[in-house]
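Listed below, chain by chain, are the residues.
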Amino acid sequence: MMTETDVKFNFSGKRFVVVGASSGMGLQVTKEILSSGGTVLAIDRNEEKLNEMASQLRERIIVKTADVRDPEALEKAISDFAKDGKLNGSVYTAGLSRTTVLRSFSEEDATGMMQVNFWGWVNLMKVICKKKYSEDGCSNVVIASAAAHRGESGNFAYNASKAAIMNSVQTFAKELAK
């Protein structure tokens, strides 16, 4: 039986952007791409964690501090990285999760989740799909959640942001296939 440790990739000469790269899934994805020979532009809003990560990983990694809610900052980071070669892929792992109970939720928390979880992804895709930055066949991955398919009590904003991602993936796939 094959396990995930049996799967090997060869990303030598390939260039990727990982957003939300300084912790959790983003950090692990960054490590996997680097260990497979790829080069990574690691984007996160936490400069301290990014610098710590870069000092540990060292090779073929460039770190940029940017907030996904700022499309211009994302484009600047990607534009600078793409000067050395177009992108082969992106992975969007940035996300927020806060409790949002209908009777007592914070609109600021709910809006923040939608801005980071959904609109940050849209901002990234708007930049990534430009031919001047990405190779033909550029692969883009976004982390969603089973919460997109079932309403979990006390998490309506998170659930909605993940459902928006799932729907946008289908829409973007149709648009980009043309």
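Residues numbered from 1 in each chain as written. Predicted model: local features only at pLDDT ≥ 70, side-chain atom pairs only at ≥ 80, totals over all residues. Heavy atoms only, no water.

Trainee: What is the right way to look at the pattern of salt bridges in this model?
Mentor: If the charged atoms of two oppositely charged side chains come close together, the side chains can form a pair. For the structure shown, the criterion picks out eight salt bridges. Asp67 is the partner of Arg69 in a salt bridge, and the nearest nitrogen-oxygen pair spans 2.6 Å. On the basis of relative accessibility, which here comes to 37%, the residue Arg69 falls in the partly exposed class. Close ionic contact of Glu152 with Arg150 constitutes a salt bridge, the shortest N to O distance being 3.5 Å. (Salt bridge = Lys/Arg side-chain N within 4 Å of Asp/Glu carboxyl O. Buried < 20%, exposed > 50% of the residue type's maximum accessible area, 1.4 Å probe, protein only.)

Trainee: Help me understand the packing of aromatic side chains in this model?
Mentor: Ring pairs (aromatic) are described by centroid distance and by the angle formed between their planes. For the structure shown, the criterion picks out six aromatic pairs. For the pair Phe9 and Phe11, a centre-to-centre distance of 5.4 Å together with 5 degrees between the ring planes defines the contact as stacked. By relative accessible area, which is 22% here, Phe11 ends up partly exposed. Among the aromatic side chains, those forming a connected cluster through ring pairs are Phe9, Phe11 and Phe16. Between the NZ or CZ atom of Arg15 and the centre of the ring of Phe81, over which it lies, the distance is 3.9 Å. (Phe/Tyr/Trp six-rings, centres within 6.5 Å; stacked < 30°, edge-to-face > 60°. Lys NZ or Arg CZ within 6 Å of the ring centre and 35° of its normal.)

Trainee: So what exactly am I meant to see when it comes to the layout of surface pockets here?
Mentor: Taking a probe equal in size to a water molecule and rolling it over the atoms shows the remaining empty space. Looking at the largest pocket, its volume works out to about 450 Å³. In terms of lining residues, the largest pocket is bounded by 25 residues, among which Gly20, Asp44, Thr93, Ala94 and Gly95 are the most central. Of all the secondary-structure elements, those providing two or more residues to the lining of the largest pocket are α1 (24-35), β2 (39-44) and α5 (156-176). Top element by residues in the lining of the largest pocket is α1. It accounts for three residues. Of the residues assigned to the lining of the largest pocket, the class counts are 11 nonpolar, nine polar and five charged. Here the second largest pocket is characterised by a volume of approximately 380 Å³. Together, 19 residues line the second largest pocket, and Met125, Cys129, Cys138, Asn140 and Leu176 are the ones closest to its centre. Secondary structure elements with two or more residues in the lining of the second largest pocket: α4 (107-128), β5 (134-142) and α5. For the lining of the second largest pocket, the element with the highest residue contribution is β5, accounting for seven residues. Within the lining of the second largest pocket, the residues separate by chemical class into 11 nonpolar, three polar and five charged. (1 Å grid on protein atoms, 1.4 Å probe; cavity = no way out; pocket = protein on both sides within 12 Å on 5 of 7 lines; lining within 4 Å. Points joined across faces, edges and corners; volume = space filled by probe spheres on them. Helix = DSSP H or I, 4+ residues; strand = E, 2+ residues; numbered from the N terminus. Nonpolar A, V, L, I, M, F, W, Y, C, P; charged D, E, K, R; others polar.)

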